[in-house]
Amino acid sequence: MNDVMAELAREHPQVSFVKLEAEAVPEVSEKYEISSVPTFLFFKNSQKMDRLDGAHAPELTKKVQRHASSGSFPPSGNEHPKEDLSLRLKKLTHAARCMLFMKGTPQEPRCGFSKQMVEILNKHNIQFSSFDVFSDEEVRQGLKTYSNWPTYPQLYVSGELIGGLDIIKELEASKELDTICPKAPKLEERLKVLTNKASVMLFMKGNKQEAKCGFSRQILEILNSTGVEYETFDILEDEEVRQGLKTYSNWPTYPQLYVKGELVGGLDIVKELKENGELLPILKGEN
């Protein structure tokens, strides 16, 4: 989907494309009810107009084309380009507490310096979001002037430029890096937050719109039949959660259903509870 986003950004220069790591900005994820990744949100004048949950390239392309052609997105215009770009760069550098502007993505860096930067941040368990400067030439060139820093990668904390790779290496050597950059939550803390994200949480393969295994599909059908609201997490999108939750819950398979942070069980348990008439009271928190 990163490649799809990059291509759409080239095709629709009047549209701004921004990518955030959901776990790095929990307040944003909570505000817009992000329960699985990727999720695409469409905005105009700071108002959310549309959304798309899941990795559906054709549907994403259709939505972008529809909104762009209908004039939903304001034309780029050149009346105040410097002012507009400066404001946009300020928003981007503040998009997460720790923002990395790099060539490529953390999963697929497209230069050696960016790769080294990601490795250092990951080694120190630093929580960060990233922006691929290859996806937006205006940002790529504009940020050099905005920050008075001519090369990439560039690391920002709370909107302030920390520096490039050499500076980060110096901070690592002096042991200052850990005090400057925010730490990612430990896995156990993260799992506790995720299992309590909604009153009823389902960890599955796929999402509400598209289950990616028969067991997950069956449990979705059961939950949908109860009429109880629930959220899902796609464990195929996060290997750390996929493996860690097995140990955390002492339950080796998926799907896994949680109510108020407590494990109910997998598909077989849920089936039994439904047959015995116990599932609905549990989902409603009456047991």
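Bear in mind that the values here come from a model prediction, so they are computed numbers and not experimental data.

Definitions and cut-offs
- Residues numbered from 1 in each chain as written.
- Predicted model: local features only at pLDDT ≥ 70, side-chain atom pairs only at ≥ 80, totals over all residues.
- Heavy atoms only, no water.
- Pairing = 2+ DSSP bridges.
- Helix = DSSP H or I, 4+ residues; strand = E, 2+ residues; numbered from the N terminus.
- Axes fitted to C-alpha atoms, helices over the stretch in contact; angles between N-to-C directions.
- Contact = heavy atoms within 4.5 Å.
- Core = buried A, V, L, I, M, F, W, Y, C linked by side-chain atoms within 4.5 Å.
- Buried < 20%, exposed > 50% of the residue type's maximum accessible area, 1.4 Å probe, protein only.
- Domains from an automatic or database assignment.
- Parallel < 35°, antiparallel > 145°, perpendicular 65-115°, else oblique.
- Left-handed = near helix turned anticlockwise from the far one by under 90°.
- Nonpolar A, V, L, I, M, F, W, Y, C, P; charged D, E, K, R; others polar.

Quick look at the sheet that holds strand E9 (residues 256-259)
Turning to step 1, where the next piece is worked out: Spatial strand order, E8-E7-E9-E10: 4 strands in an open sheet with mixed pairing. With one partner strand each, in any of the chains shown, strand E8 (231-234) and strand E10 (262-265) form the two edges of the open sheet. In this sheet, neighbouring strand axes are inclined to one another by 30° on average, regardless of whether the strands run parallel or antiparallel.
Turning to step 2, where the next piece is worked out: Of the strand pairs in this sheet, strand E7 (residues 200-204) and E8 are connected by 4 bridges, and their pairing is parallel. The residue bridging Met204 from the neighbouring strand is Asp234, located in E8.
Turning to step 3, where the next piece is worked out: Contacts from helix H9 (residues 187-195) reach E7, E8 and E9 within the one sheet, and its direction differs from that of E7 by about 120°.

Focus on the nonpolar core
Turning to step 1, where the next piece is worked out: Core analysis: the biggest nonpolar cluster contains 19 residues, and Val200, Leu202, Leu257 and Leu283 have the highest contact counts within it.
Turning to step 2, where the next piece is worked out: Of all the elements in the fold, those that place two or more residues in this core are E7, helix H10 (214-226), E9, helix H12 (267-275) and helix H13 (279-283).
Turning to step 3, where the next piece is worked out: Non-local contacts of Leu257, meaning those with residues more than four positions away in its chain, are made with Val200, Met201, Leu202, Leu223, Glu262, Leu263, Val264, Gly265, Val270 and Leu283.

What to know about the domain arrangement of the protein
Turning to step 1, where the next piece is worked out: We note that the domain assignment places domain 1 (1-68), domain 2 (85-180) and domain 3 (188-284) within the protein.
Turning to step 2, where the next piece is worked out: One C-alpha centre belongs to domain 2, the other to domain 3; they are set 36 Å apart.

So, the packing of helix H1 (residues 2-11) against helix H3 (residues 57-69)
Turning to step 1, where the next piece is worked out: Running from amino to carboxyl end, H1 crosses H3 at an angle of 20°, the nearest separation of the two axes being 11 Å. The angle between H1 and H3 places the two elements in the roughly parallel class. The element H1 and its partner H3 pack so that their crossing is right-handed. Judged by residue contacts, Val4, Leu8 and Glu11 of H1 engage Ala57, Leu60, Thr61, Val64 and Gln65 from H3.
Turning to step 2, where the next piece is worked out: Its residues assigned to classes, the contact of H1 with H3 comprises 5 nonpolar, 2 polar and 1 charged.

A word on the environment of Lys260
Turning to step 1, where the next piece is worked out: Here Lys260 lies in the loop between E9 and E10.
Turning to step 2, where the next piece is worked out: Overall, the relative accessible area of 51% leaves Lys260 in the exposed class.
Turning to step 3, where the next piece is worked out: Placed 61 residues apart in sequence, Lys260 and Ser199 show a C-alpha to C-alpha distance of 4.8 Å.
Turning to step 4, where the next piece is worked out: Ignoring anything within four residues of it in the chain, the contact list for Lys260 reads Asn196, Ser199 and Gly285.

So, the sheet that holds strand E4 (residues 129-132)
Turning to step 1, where the next piece is worked out: The strand order E4-E3-E5-E6 describes an open sheet built from 4 strands, whose pairing is mixed. Sheet topology places E4 and strand E6 (160-163) at the edges, where each strand pairs with a single neighbour. With strand direction ignored, the average angle separating the axes of adjacent strands in the sheet is 30°.
Turning to step 2, where the next piece is worked out: The strands touched by helix H6 (residues 137-147) are strand E3 (98-102), E4, strand E5 (154-157) and E6; relative to E5, the strand with the most contacts, the crossing angle is about 60°.

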